[in-house]
Amino acid sequence: MLIVRSLLFNVAFYANLILWLIILVPGLVMPRRVFMELVKAWGKTSLWLLRVIAGTRVVITGREKIPPGGALVAAKHQSFLETFALVTILDDPTYILKRELMWIPFFGWHLAKARCVPVDRKAGSLALVQMTARAKDEAQHGRQIIIFPEGTRRPPGAPPAYKYGVAHLYQNLGFPCIPVGMNSGLYWPRRQFIRRPGTVRIEVQDPIAPGLPREEFFKLVQERIETASNRLLEEGRKELGLGSATASDASLSKVS
């Protein structure tokens, strides 16, 4: 039954994605804020399909901690789920993402309309300069800049691998940073089509005010994200009956 529901969800999810890519084409000539509301609608329909077909609810707590205006949102990245779930709770979000995604027909056009911030990973230190300039401009217009500090999806329980890009942004933007922890990888494992029923928990942490020294911030943001994510992972393991962290991580790693 798990395989059947997962298969049905994946078909519905990607069909829904294609449908919204088409619906959003006229949005390319609309004001960007109108376009972003349509993007949020896609995110909400995707969460609805996940709940109805796969039996996977997504509960997001701590929304009241999100300050108005520009901010840096530093989130754990365990699955594709958070890439569309986070946009539904933010006023005017955009993403830091790899430049290659901008080249995908239709999808890349929509990323450009959303004024996402591309990163050329081959450009070295110049990439940081360009990324920071673009992100600062967006934040100064009241937008929330979403970054996954580890740069890629990490399996549940994997050792943290944070990159200094998040500290560089924090230091140069001058806006608060909002850490976000989650346990999404237990229910939407990376590189798998399985979608486990249960409750995904995404938790917004207290904002980190601007002005901290770079190293102090880098340590603090990791501590906030990892502490919350580890606690939520334990809750998820209990719900799924996966047992101890060591046993469940070993089990998950075999199929990730």
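Structure shown above.
Attention in this report is confined to the structure presented alongside it. The structure presented is a predicted model; accordingly, all values stated were derived computationally and were not measured.

Evaluation of the coordinates by the stated rule reveals 14 aromatic pairs. Taking the centre distance of 5.6 Å and the plane angle of 40° together, the rings of Phe-13 and Phe-84 count as tilted. Of this pair, Phe-13 sits in helix H1 (residues 2–23) while Phe-84 sits in helix H3 (residues 81–85), placing them 71 residues apart in sequence. Accessibility expressed as a relative area gives 0% for Phe-84, which makes it buried. Aromatic side chains Phe-106 and Trp-109 sit 4.7 Å apart centroid to centroid with 40° between the ring planes, which places their arrangement in the tilted category.

So, on to the pairing of strand S2 (residues 71–75). Two faces, one strand: in a regular strand the side chains alternate between the faces of the sheet. Burial within S2 is extensive, with five of its five residues counted as buried. Side chains Ala-71, Val-73 and Ala-75 project from S2 onto one buried face, and the interleaved Leu-72 and Ala-74 project onto a second face that is buried too. As paired strands, S2 and strand S5 (residues 144–147) are joined by four bridges and run parallel to one another. Its bridge partner being in S5, Leu-72 is matched across the sheet by Ile-145. As paired elements, S2 and strand S6 (residues 177–182) share four bridges and run parallel to each other.

What follows is about a nonpolar patch on the surface. Together, Ile-3, Leu-7, Val-11 and Phe-193 make up an exposed nonpolar region whose accessible area comes to about 390 Å². Tracing the backbone shows Ile-3 in helix H1. For Ile-3, a relative accessible area of 54% puts it in the exposed group.

Conventions and cut-offs
Residues numbered from 1 in each chain as written. Predicted model: local features only at pLDDT ≥ 70, side-chain atom pairs only at ≥ 80, totals over all residues. Heavy atoms only, no water. Phe/Tyr/Trp six-rings, centres within 6.5 Å; stacked < 30°, edge-to-face > 60°. Helix = DSSP H or I, 4+ residues; strand = E, 2+ residues; numbered from the N terminus. Buried < 20%, exposed > 50% of the residue type's maximum accessible area, 1.4 Å probe, protein only. Pairing = 2+ DSSP bridges. Patch = residues over 30% accessible without salt bridge, like charges linked within 9 Å, V, L, I, M, F, W, Y side chains within 5 Å. Areas by Shrake-Rupley, 256 points an atom, 1.4 Å probe, with all protein chains shown as cover. Salt bridge = Lys/Arg side-chain N within 4 Å of Asp/Glu carboxyl O.

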